[in-house]
Amino acid sequence: MSTLVAESNGSVCSAVSWGISNYPDSAVFGIDPERLSVLREVTEDDPSGRFADLLDSVDVMTETDIADLDGNRASRMENRYVALDDKVGWVTRNRKVAMPDERATSAERVIALETALTGFAERKTDTVVTPSVGLTFDSIIEAYDFYNLYSWETGFGIRYAKSRTNVKGTRCMQEFVCCCSGKPKEPNSTSSRCQCQAMIRLLRTDDDGWYINEFRSSHNHQMLNTCAEKLHFPSHRHIDKYTRELVSQLRENNVNLSKVYSTLATFFGRVENVPFTKRCLRTLCGKLSREQADDDVRKTMAIFSEMKVQDSEFSYNVQVDDESRIRTLMWTNGRSKKQYHHFGDVVTFDTTYKTNLYDMPFGIFVGVNNHFQSVLYAGVLMRDETVDTFKWIFDEFVKMMGGKRPITILTDQARAMEVAIEDVYPDATQRWCKWHILKKAKESLGSNYTKKSDFRAEFHKLVHEMLTIEEFEDRWAALLEKYSLTKNTHLTQIYETRQKWAKPYFAGKFCARQTSTGRSESANHMLKQYVPPSCSMNLFVKQYNKLQFDREQEEGFQEKRTRLSGAVLKVNTPLEMHASKVYTRKMFEIFGGILYESGSYDVEEIIPKQKYIVTHVKAEKREKWFKCRYEVNVSDNLGYFSCICGLFEHMGMVCCHSLQVMNVLRLKEIPPRHILKRWSIHGRDNLPDHLKHYQQDMGPPDAPTYRHSALYITALEVVKMGDRNLESYKFMLDGLVDLRERGAKISAPNDGLGIAEQQVSNTGVAGGSNGKTKSCKAACSVRSVEGNHLSAGGATSVSVHPPASQGEGRTKSQDMASEGSCPNANSYNSDYSETASRLDVNVGDSMLAPEREKKRGRPTTSRDKAPYEKGSNKRSRFCSICRGKGHKSSTCPDRGDAPKKERKVGTCSKCGLPKKERKVGTCSKCGLPGHRKTTCSKPLVSSMPGVPPAHSFPGTFV
């Protein structure tokens, strides 16, 4: 046996017993310089690099000559270890460039998998792929795939295990082991690890490849046989990057797990061909969700920055708490602002949507456009539903929209929302959702409120058909008296708040034909189709934008239909022909339905051209369900028709009763006062008050004198000249500002001949403009980006709006541009995008995401209950005896001990004689009725000898 002795600077190193015992054929070198240089060459070529640091201080002595230095010397030295007695630390040296991770491919070299496939017929083994010692590979990935194929055929799974890197930082050893290798972390667990010894060890070759140095094939556990079992090993469920990207896109668009798996199956041909299980897909989806939620605030601010670049009028507000966590987030874009400017008279707001990672309620402001479509004005994520939160939301919503307040707002029965609206919108009409009222009635009235009950029919008539307050009050009292519900708690509560939901109390209030928050609920339902459950904030904003884009596409279709498509007439009357030219196609269809319904009424003239009574032709059959007699008053020389049904005041479209009177009076056109502009084809043609006479629906401007035409043409020429370059713009604008200041005193006297004074304005619907004119500066106020950090109630508000100006030292021309600017104009500063983007970066870095509140169970998209609905989750139960609440008939105090009524004896339908009485069952033990032998308490009498008659067996009573 050879020996190794090392000597360094006079110090003698200890013998390496491990190397001697494991490498008996190793060559031993002398001290002479020639042989030492040979050792130096071999050591420098060693991939492991273990002897390189000791080379300068170690001399090797030998007892024999040098053996042959073949090409395997480097690989044999891979596992040698040298221990030094007096060695204190490693000796530094110059290191070479790291080795490549894989070997360069060669056309002459045959890969291991090809060799296994071509040699399978000759080997006659059970598996096609069989590892063996000495088998080489170009890379670790190739070796992993090769061993993984072998494990699939055999019935086990593999995983990466130990690895080593040399001093060059290159991996020089890698082990692949069975999935059952190793010990479980806890002794009593469901782990499948059982210290299986199956493995392969890979080492590096001279040409930067890999070869199998050791292969163990024995297992200490059972092998799996079916594909369904093998697919659950992590090494056999492969998801490539393209499939992963497809899954990510499908999940972002709220495609559920089963549909994702079925979609992938179509790409692979069959479900059996999918290389992973649905359980693995579920794990991947969870990982994708966690990646999406990382750094949520920064990603959300990045989306907002991108939206501002594309839309200069985009704005958002953020309210944070003391810990800089987002408390409330509201955003809107320029198109929504324009929509609100045209159709913002009626708004619905609902907060029954909570599908997000932080369990934050999502509120959405929704309106209706001139095509009777839902329009999204703004979205808001809020952490709580308190009065202060709603005040902040409603106040910021008005500021976002340029200062215009809604006329009517429909909400649910949340008390906090009601208080906030009364404080922020004192002049607005707040109306509760009628659907919530009927829903609570169904839950609280129990058996009285069924489909076939008379109470339900009369209650619906009371809610929907009563037109006057006196009618409603009298009918309510009579209904409660008739069904003995005067002490019902729910009916008492809704009667006390009848001013918020009852139809008679909203007579003359414009609601755009909305009596519930159904449009907000519908928008939330549509949003659920886009937003997956428990999604992050940035994904929520992204999917909300997709919903808004789809709504804009539907609106574009209706616009195209109105401009190009023809109108289909139903009755071909002059009124219908006039309506087809005035209304949009959707509103004309609604008008057609009203016109068709007018044919079911007869008109009785009371006062010619002043008062008429319109009666339904089937009044006798409809009296129980609907009101059938309506009074129509005519005024203003057939220019205005007032019906007691109040449809025109409520919706802005003439009712069927007034239409029938118009037909009797043979009118050719609908009176102008009954054509509401918001439903017409010119619904979006709205200019400020001082420019209304230039709108398309106002016709060409009248010019009774030459002065208006001359001024108008000259002003247009000045505008054209000032728009050519920046210098001319400043010169013309400063000149106009100076001219306006010097001409204010001269233009003070008014001779009444101006076009604005002589223009005849159309009178709007009741509940519209109140006649007060606000200045454009007040109505179109815009807050700048800088210095817009507000503090209130322990929360900080950060608002980002398109600025009216930048910096200080504004000129007269800039002041004039700010005064004349409007939220829908394109006069914002061009530096806004850059400034807002810088602000976004700072805001995103200083804010944190809200704390995650994970509910029990799986995420769901079901409708979240409002706070006032969460008091009692269970439906009330009513007694079948006294009809009382809170107990059953078995515990009713009115029941007493009175026996049940005798059962009525049936009679024969032919002869009329009574049927046989039903035989009362008796116990087979004691002969008494009312129980069976299994529940009889009489002791059993045994017939066995030696057993006394009174003996009781277990389970009997003595």
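Residues numbered from 1 in each chain as written. Predicted model: local features only at pLDDT ≥ 70, side-chain atom pairs only at ≥ 80, totals over all residues. Heavy atoms only, no water.

### Some details on the overall build of the protein chain
- A tally of regular secondary structure across the protein chain gives 31 helices and 21 strands.
- In the protein chain, which comprises 958 residues, the proportion classed as buried is 41%.
- Counted over contacts in the protein chain with a minimum sequence separation of 6, partners at least 24 positions apart contribute 63%. (Helix = DSSP H or I, 4+ residues; strand = E, 2+ residues; numbered from the N terminus. Buried < 20%, exposed > 50% of the residue type's maximum accessible area, 1.4 Å probe, protein only. Contact = heavy atoms within 4.5 Å.)

### Some remarks on the nonpolar core
- Counting 38 residues, the largest nonpolar core has Y583, F591 and W679 as its most contacted members.
- The set of elements that each furnish at least two residues to this core consists of α21 (574-582), α22 (585-598), β17 (611-616), β18 (629-635), β19 (640-643) and α25 (656-664).
- Element by element, the count of residues in this core is highest for α22, at six residues.
- Domain assignment of the residues forming this core places at least three in each of domain 3 (296-433 + 501-557) and domain 4 (566-679). (Core = buried A, V, L, I, M, F, W, Y, C linked by side-chain atoms within 4.5 Å. Domains from an automatic or database assignment.)

### So, the sheet that holds strand β16 (residues 601-607)
- Strand order in the open sheet formed by four strands is β16-β17-β18-β19, with antiparallel pairing between adjacent strands. Every other strand in the sheet has two partners, leaving β16 and β19 as the edge strands with one partner each. The mean inter-strand angle of the sheet, taken between neighbouring strand axes irrespective of direction, is 25 degrees.
- The pairing of β17 with β18 spans five bridges and is antiparallel. If you follow I613 over to β18, its bridge partner there is E631. (Pairing = 2+ DSSP bridges. Axes fitted to C-alpha atoms, helices over the stretch in contact; angles between N-to-C directions.)

### Brief notes about the sheet that holds strand β4 (residues 136-137)
- The sheet built from five strands is open, its strands ordered β4-β8-β7-β6-β5 with antiparallel pairing. Looking at strand neighbours, the two that pair on one side only are β4 and β5 (158-165), the edges of this open sheet.
- Looking at chain direction, β5 and strand β6 (residues 171-178) are connected through six bridges and run antiparallel. Looking at the pairing, Y160 lines up with F176 of β6.

### Notes on the pattern of salt bridges
- Applying the stated rule across the entire model yields 30 salt bridges.
- A salt bridge links R325 to E323; the nearest nitrogen and oxygen atoms lie 3.6 Å apart.
- R325 sits in the partly exposed class, given a relative accessible area of 22%.
- Each member of the salt-bridge network shares a partner with another, and the members are R335, E552, E555, E559, R563 and R684. (Salt bridge = Lys/Arg side-chain N within 4 Å of Asp/Glu carboxyl O.)

### Considering the packing of aromatic side chains
- Within this structure, the stated rule accounts for 39 aromatic pairs.
- Relative to F176, the ring of Y160 lies with its centre 5.0 Å away and its plane at 85 degrees, an arrangement referred to as edge-to-face. Within this pair, whereas Y160 is found in strand β5, its partner F176 is found in strand β6, the two being separated by 16 residues in sequence.
- We classify F176 as buried; its relative accessible area is 0%.
- A ring pair is formed by F314 and Y316, whose centres lie 6.3 Å apart and whose planes are at 40 degrees; its orientation type is tilted. (Phe/Tyr/Trp six-rings, centres within 6.5 Å; stacked < 30°, edge-to-face > 60°.)

### Points about unusual backbone geometry
- Look at N572: it is not a glycine, yet its phi comes out positive at around 55 degrees.
- Even without glycine at this site, R666 takes up a positive phi of about 60 degrees.
- Checked against the element boundaries, R666 lands in the loop between α25 and α26 (706-722).

### Notes on the pairing of β18
- Side chains Y630, V632 and V634 of β18 all project onto a buried face; the interleaved residues R629, E631, N633 and S635 project onto a face where none is buried.
- As judged from the four bridges shared by β18 and β19, these two strands associate in the antiparallel manner. Considered in β19, the bridge of V632 is made with C643.
- Between β18 and β19, which pair antiparallel in sequence order, lie four residues; one of them, D636, sits at a positive phi of approximately 55 degrees.

### So, empty space enclosed by the protein
- Per the counting criterion, the structure on display carries three cavities of 30 Å³ or more.
- Space inside the second largest cavity adds up to approximately 110 Å³.
- Going through the elements one at a time, α12 (334-343), β13 (374-382) and α20 (537-564) are the ones with two or more residues in the lining of the second largest cavity. (1 Å grid on protein atoms, 1.4 Å probe; cavity = no way out; pocket = protein on both sides within 12 Å on 5 of 7 lines; lining within 4 Å. Points joined across faces, edges and corners; volume = space filled by probe spheres on them.)

### Re the environment of L329
- With respect to the helices, strands and loops of the structure, L329 is situated in strand β10 (residues 326-332).
- Under the relative-accessibility criterion, L329 is labelled buried at 1%.
- Considered as a pair, L329 and G379 are 50 residues apart in the sequence and their alpha carbons are 8.3 Å apart.

### Digging into α12
- Taking burial as the measure, the 10 residues of α12 include seven buried ones, the bulk of the element.
- Taken together, the buried positions of α12 are occupied by G334, S336, K337, Q339, Y340, H342 and F343.

### Details of the packing of helix α8 (residues 241-252) against helix α9 (residues 257-268)
- Close contact between α8 and α9 brings their axes to 10 Å; oriented N to C, the two are set at 140 degrees. Considering how the two elements wind past one another, α8 and α9 form a crossing that is right-handed. Facing T243, L246, V247, L250 and R251 of α8, the residues of α9 in contact are L257, V260, T263, L264, F267 and F268.
- Tallied by class, the residues present in the contact of α8 with α9 amount to eight nonpolar, two polar and one charged. (Left-handed = near helix turned anticlockwise from the far one by under 90°. Nonpolar A, V, L, I, M, F, W, Y, C, P; charged D, E, K, R; others polar.)

### A look at the side chain of K500
- Considering the arrangement of structural elements, one finds K500 in the loop between α18 (489-496) and α19 (518-528).
- K500 sits in the buried class, given a relative accessible area of 17%.
- The residues contacting K500, other than those within four sequence positions of it, are E418, E422, Q430, R431, W432 and F506.

### Some details on the environment of E559
- Relative to the helices and strands, E559 is located in helix α20.
- For E559 and T584, which are 25 residues apart along the polypeptide, the C-alpha to C-alpha distance reads 8.2 Å.
- What E559 contacts, discounting residues up to four positions off in sequence, is N370, H371 and R684.

### What to know about the state of the cysteines
- Evaluation of the coordinates by the stated rule reveals zero disulfides.
- Summary of cysteine pairing: C178 is not part of a disulfide, and the nearest cysteine sulfur, belonging to C196, is at 4.0 Å.
- Judged by relative accessible area, which is 0%, C178 ranks as buried.
- C280 takes part in no disulfide bond, and the closest cysteine sulfur to it belongs to C285, at a distance of 9.5 Å.
- Of the residues examined, C280 reaches a relative accessible area of 10% and is grouped as buried. (Disulfide = S-S within 2.5 Å.)

### So, the confidence of the model for the protein chain
- For the protein chain, the mean per-residue pLDDT works out to 74, and 69% of the residues sit at or above 70.
- A low-confidence stretch, residues 760-793 (pLDDT under 50), is modelled with 57 contacts involving residues beyond four sequence positions or located in other chains.
- Taken as a whole, residues 803-841 scores under 50 in pLDDT and shows 69 contacts with residues more than four places along the chain or in a different chain. (pLDDT = per-residue confidence, 0-100.)

### Considerations on a nonpolar patch on the surface
- A surface patch of nonpolar side chains, amounting to about 320 Å² of accessible area, comprises I111, L113, L117 and L149.
- Relative to the helices and strands, I111 is located in the loop between α3 (73-76) and α4 (112-118).
- In this structure I111 comes out as partly exposed when scored by relative accessible area, which is 37%. (Patch = residues over 30% accessible without salt bridge, like charges linked within 9 Å, V, L, I, M, F, W, Y side chains within 5 Å. Areas by Shrake-Rupley, 256 points an atom, 1.4 Å probe, with all protein chains shown as cover.)

### Quick look at the packing of α22 against α25
- Across the interface, α22 lies against α25 with an axial gap of 8 Å and an inter-helix angle of 70 degrees. Of the possible angle classes, the one that applies to α22 and α25 is roughly perpendicular. Note that α22 runs across α25; the crossing there is right-handed. Along the contact surface, α22 presents F591, I594, L595, E597 and S598, while α25 presents C656, L659, Q660 and N663.
- For the contact of α22 with α25, the class distribution of residues is five nonpolar, three polar and one charged. (Parallel < 35°, antiparallel > 145°, perpendicular 65-115°, else oblique.)

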